[in-house]
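Read off the chains here:
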Amino acid sequence: MKLAAVLATRGTHVATIAASAPIAEAVTELAARNIGALVVLDGAGAVAGIISERDIIRALAAGGPVLDLPVADVMTRDVICGTLDDDLETVLAVMTSGHFRHLPVVDGGQLVGLVTTGDLAQALLQSLAGRVETLEFRLEAEIEQFGVGR
């Protein structure tokens with residue numbers, strides 16, 4: 001299964017924020033939307049970073065007037081992005097090994113969606129359930145065809 005299929009189910013809306021916005025605004029957005037991260041876009045609409053709850057907590061732990069700082073000061077800059085053609089299982093493995101939960105999805109350098117480990121796990125479980133259902137159907141058909149168990 002590809003990320004395009006996950007986004008077709010999940011939707012393509014992504015909560016974003018400007019790098020120059022104060023962290024207080026990011027906190028307000030995260031709380032209002034009940035989400036864990038905002039994608040930070042540059043002036044051209046490309047992914048410049050991501051700011052997550054973890055980034056904010058780390059900044060708060062370091063001390064100082066964090067909420068007035070710009071998002072750019074605490075965001076994660078080296079963001080791994082996915083593409084619509086990326087394989088779900090491969091992306092989930094990368095996210096798990098990299099210990100991050102949010103993956104922006106880009107197409108032609110532009111943000112087209114965001115997936116979370118939860119989105120990917122749910123899609124994988126649905127895919128596996130479909131495979132099990134198919135195998136059960138085939139097994140029942142073979143049992144009926146060959147009269148096994150009668």
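Everything below is about the structure printed above this text.
Not measured: the values here are computed from a predicted model. (Residues numbered from 1 in each chain as written. Predicted model: local features only at pLDDT ≥ 70, side-chain atom pairs only at ≥ 80, totals over all residues. Heavy atoms only, no water.)

Asker: Would you explain the pairing of strand β5 (residues 102-107) in this entry?
Answerer: Every other side chain in a regular strand lies on the same face of the sheet, so the side chains alternate between the two faces. Counting buried positions over the six residues of β5 gives five, a clear majority of the element. Alignment of strand β4 (residues 82-83) against β5, held across two bridges, turns out to be parallel. Looking at β5, one finds that T83 is bridged to V106. In this antiparallel pair of consecutive strands, β5 and strand β6 (residues 110-116), the connection spans two residues, and G108 shows a positive phi of 65 degrees. (Buried < 20%, exposed > 50% of the residue type's maximum accessible area, 1.4 Å probe, protein only. Helix = DSSP H or I, 4+ residues; strand = E, 2+ residues; numbered from the N terminus. Pairing = 2+ DSSP bridges.)

Asker: Is there a simple way to think about the side chain of H102 in this case?
Answerer: Here H102 is to be found in strand β5. With near-sequence residues (within four places) excluded, H102 lies in contact with G36, A37, I50, M95, L114, V115 and T116. (Contact = heavy atoms within 4.5 Å.)

Asker: Would you take a moment to explain the pattern of salt bridges for this structure?
Answerer: Summed over the entire model, instances satisfying the criterion amount to four salt bridges. Between R58 and D55 there is a salt bridge, with the nearest N and O atoms lying 3.8 Å from each other. Remark: D55 and R58 occur in helix α3 (residues 53-62); sequence separation between them is three residues, near one turn of the helix. Residue D55 is classed as buried on the basis of its relative accessible area, which comes to 7%. (Salt bridge = Lys/Arg side-chain N within 4 Å of Asp/Glu carboxyl O.)

Asker: Would you mind showing me how to read the sheet that holds strand β3 (residues 47-52) here?
Answerer: Pairing between the strands of a sheet comes from backbone hydrogen bonds, and it takes one of two forms, parallel or antiparallel. Here we have three strands laid out as an open sheet, ordered β1-β2-β3, and mixed in their pairing. Looking along the sheet, the strands with just one partner apiece sit at the ends: β1 (16-18) and β3. Across the sheet, the mean angle separating the axes of adjacent strands is 35 degrees when strand polarity is ignored. Relative to strand β2 (residues 37-41), β1 is paired through three bridges, and the arrangement is parallel. Each residue of the ladder has a partner; that of I17, found in β2, is V40. Set on the sheet, helix α2 (residues 23-33) makes contact with β1, β2 and β3; between it and β2 the angle comes to about 135 degrees. (Axes fitted to C-alpha atoms, helices over the stretch in contact; angles between N-to-C directions.)

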